[in-house]
Amino acid sequence: MKNLSLNVQILLGASLGLLFGVLLHQWPTNSPLYQNSLFIFTIIATLFVDLLKMILVPLIFTSIAVGVANLRAHQQIHQVWTYTLGFFILSMTLAIILGLGSAQLFTPGKGLNLALFQDAMQHYDAKHITLGDFTQSMLHGLFVNPFAALAQSNVLAIVIFALFIGIALVQGGERYRNIIQLLQEWQELTLHIVGWIMRIAPFGIMALLAKLTTTQDLNLLVTLVKFIAVVIGTTFVHGVIVLPLLLYGVTKMPPLHFWRGVREALITAFATSSSSATVPVTLRCVEQHLHVKPDIARFVIPLGATINMDGTALYEATAALFVANLVGVDLNLLQQLIIFLTAMIAAMGAPGIPSAGMVTMILVLQSVGLPTEAIAILLPIDRLLDTVRTAVNVEGDMVGSLIVQKLVGHQKTLAS
Ligand code: ASP
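Every chain's residues receive numbers from 1 upward, in the order its sequence appears when written. At least 70 in pLDDT is required for a residue's local features to be given in this predicted model, at least 80 for side-chain atom pairs to be given and counted, and no such filter applies to totals for whole chains, interfaces and linings, which use all residues. Processing note: side-chain calculations cover all non-hydrogen atoms of the structure and skip hydrogens and water entirely.

1. Remarks on the overall build of the protein chain
Only DSSP runs of H or I covering at least 4 residues are called helices, and only runs of E covering at least 2 are called strands; the numbering of each starts at the N terminus. On a plain count of helices and strands, the protein chain comes out with 20 helices and zero strands. C-alpha atoms define the radius of gyration in this analysis, and the globule rule sets the expected value at 2.2 Å times the number of residues to the power 0.38. Whereas a compact globule of 416 residues would reach a radius of gyration of roughly 22 Å, the protein chain reaches 21 Å, a difference of no more than 12%. Taken over the C-alpha atoms alone, the protein chain extends approximately 70 × 55 × 45 Å along its principal axes. Taken across its 416 residues, the protein chain has 53% of its residues classed as buried. Contacts: residue pairs with any heavy atoms within 4.5 Å of one another. Considering only residue pairs separated by 6 or more positions, the protein chain has 84% of its internal contacts joining residues 24 or more positions apart. Summed over all atoms, the accessible surface of the protein chain reaches about 18,400 Å², with 67% contributed by carbon and sulfur. For the protein chain, the distance from the average position of its 20 positive side-chain charges to the average position of its 19 negative side-chain charges is 11 Å. Type-normalised accessible area, obtained with a 1.4 Å probe on protein chains alone, sets the label of each residue: buried when under 20%, exposed when over 50%, and partly exposed for intermediate values. Using a 1.4 Å probe, the Shrake-Rupley method yields the accessible areas, and only the shown protein chains count as cover for residues. Under this rule, positive means Lys or Arg and negative means Asp or Glu; His and the chain ends count for nothing. Charge coordinates come from a single atom per side chain, which is NZ of Lys, CZ of Arg, CG of Asp or CD of Glu.

Structure below.
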């Protein structure tokens, strides 16, 4: 094991995890073998994700503060902001158009027996949120006492506070040289710890995938197979064709070179279903394998992990049309436009944690009067769908960092 590269070890861990899961799925759920194995997988999986979450908060805070401080010093903050946000909005727009288009084409949900789900829907106590409430709570969550935000791992609030600190540091100039240096050293220290955590990543990923496969409800998957296939297929098209084309168009980087560099992050995102927990790995991949300069990467990646979610945006749009088909509602063009806009807001507002998209999905359904109880149908299959959409969310952030670097002509002007 020691002689294999980390990439290969992670691939091996992922394959073994899937294999163990499929085998264990055949076992009776009350047998000691099943129970004990699941117990062990759960412990290893939880420890791995906990470790990533532990290092996440100091890493994000120091990365963004130092990243912004360095950018400002080079007068490039405006360009980086504009290109980053521009790319995020463009790639999510393409994802939503793809999601709406494929749902129109394949009409998942049409002809499904609604009675099957009525029971599930009746027992689900749907929450109602208005767009106003949602926007208000999102805005209210932006500026939070930084100590509370750090203590509660409130990633969006940490990002905002770190941006403030970064900008203030540069405005203060030489006076704050020591603080910048301290933050820089803190950040290097946290990255050193990320290196340790990555050593156990193959085991963590194996356990996460074994647990996921073992606990899937096959009957439900079979009933909803068309919807699942449309979502996974379309997400793949976005991740394998659209994003690489954008990347190639701007940077001329061949897709294979890109994927080779980002494998670790994609597999970690797939296994953890959390863009935020994956940030330490994402940063490593773009900086070490694809040579994105730290001041671009450390700005784009943590920000992207909280607001740039192509997979989630695509999913929200497709799932809304699926629910419309299920209840026999035909959505007109205006309603689809509303879905487009709310899917974008919902994806940006969803934190990078497992199944966050499910919560903000309520907003999308409500926006066109679809029954929010339909979440009851989507929830049981969400752990499965969340794997692929999180991987594409993270892929979008990595493509973004490469494109932004190219657009600001980074190589000429910035020192790392
Ligand atoms: N799990 C996703 C992520 O972390 C968010 C979602 O539920 O769509 O990126």
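Picking up after the structure, the text goes on.
2. A short note on the packing of aromatic side chains
Between 30 and 60 degrees the pair is tilted, below 30 it is stacked and above 60 it is edge-to-face, where a pair is any two Phe, Tyr or Trp rings, Trp via its six-membered ring, whose centres lie within 6.5 Å. Summed over the entire model, instances satisfying the criterion amount to seven aromatic pairs. Arranged with centres 6.4 Å apart and planes meeting at 65°, the rings of Phe-87 and Phe-88 form a pair that is edge-to-face. Across the pair, Phe-88 and Phe-87 agree in class, each one buried. For the pair Phe-227 and Phe-322, a centre-to-centre distance of 4.0 Å together with 20° between the ring planes defines the contact as stacked. Taken together, the residues Phe-227 in helix H11 (residues 225–251) and Phe-322 in helix H15 (residues 310–326) connect sequence positions 95 residues apart. Classification of Phe-227 by relative accessible area gives buried; the value is 2%. Joined through ring pairs, the aromatic side chains of Phe-227, Tyr-315 and Phe-322 make up one cluster. To sit over a ring, a charge needs its Lys NZ or Arg CZ within 6 Å of the ring centre and within 35 degrees of the ring normal. Cation over ring: Lys-252 sits above Tyr-248, and NZ or CZ is 5.5 Å from the ring centre. The ring of Tyr-315 has Arg-389 lying over it, and the distance from NZ or CZ to the ring centre is 4.6 Å.

3. Thoughts on the site of the ligand
Close contacts around the ligand come from 15 residues, with Ser-275, Thr-312, Gly-357, Asp-386 and Arg-389 the closest. Pairing of N or O atoms within 3.5 Å defines a polar contact, subject to two protein rules: one partner must be a possible hydrogen donor and the other a possible acceptor, and residues neighboring in sequence count only if both atoms are side-chain atoms. A distance of 2.3 Å separates an oxygen atom of the ligand from a polar side-chain atom of Ser-275. Thr-312 places a polar side-chain atom, nitrogen or oxygen, 2.6 Å from an oxygen atom of the ligand. When the ligand sits alone it has 270 Å² of accessible area, and the protein chains cover 100% of it. Put simply, the parts of the chain that give the shell around the ligand at least two residues each are helix H17 (356–367) and helix H19 (382–407). We call a residue near a molecule or strand whenever a single non-hydrogen atom of that residue lies within 4 Å of it.

4. Re helix H13 (residues 275–289)
Helical periodicity: at 3.6 residues per turn, an α-helix aligns residues three or four positions apart in one direction. Fitting axes to the seven residues that end at a residue and to the seven that start at it, the angle between those axes gives the bend at that residue. Of all the bends found along H13, the most pronounced is centred on Val-281 and spans about 40°. Most of H13 sits inside the fold, with 13 of its 15 residues counted as buried. Positioned one or two residues after H13, His-291 has a phi angle of 60°, which is positive.

5. Some points on unusual backbone geometry
Positive phi values are uncommon outside glycine, yet Thr-107 reaches one of about 40°. Structurally, Thr-107 can be placed in the loop between helix H3 (77–106) and helix H4 (115–122). Positive phi, normally seen in glycine, also occurs at Ser-273, with a value near 55°.

6. Description of the packing of helix H1 (residues 6–26) against helix H9 (residues 201–214)
In helix packing, the relevant descriptors are the interaxial angle and the interaxial distance, both defined with respect to the helix axes. Axis lines are fitted through C-alpha atoms, for helices just across the contact stretch, and the angle between N-to-C directions can take any value from 0 to 180 degrees. Between H1 and H9, whose axes approach to 7 Å, the crossing angle comes to 25°. Classified by the angle between their axes, H1 and H9 sit roughly parallel to one another. The crossing of H1 and H9 is right-handed. Residues are grouped as follows: Ala, Val, Leu, Ile, Met, Phe, Trp, Tyr, Cys and Pro are nonpolar; Asp, Glu, Lys and Arg are charged; all remaining types, including Gly, are polar. Taken together, the residues of the contact of H1 with H9 sort by class into 14 nonpolar, seven polar and no charged. Here the angle decides the label: under 35 degrees means roughly parallel, over 145 means roughly antiparallel, 65 to 115 means roughly perpendicular, and every other value means oblique. Definitions for this section: a left-handed crossing has its near helix turned counterclockwise from the far helix by less than a right angle. A right-handed crossing has that turn clockwise.

7. So, the packing of H15 against H17
At their nearest, the axes of H15 and H17 sit 10 Å apart, and the two run at 50° to each other. With respect to each other, H15 and H17 are oriented oblique. The hand of the H15/H17 crossing is right-handed. Every residue of H17 that contacts H15 at Thr-312, Tyr-315, Glu-316, Ala-319, Ala-320 and Val-323 is listed here: Gly-357, Met-358, Thr-360, Met-361, Val-364 and Leu-365. In the contact of H15 with H17, the residues fall into eight nonpolar, three polar and one charged.

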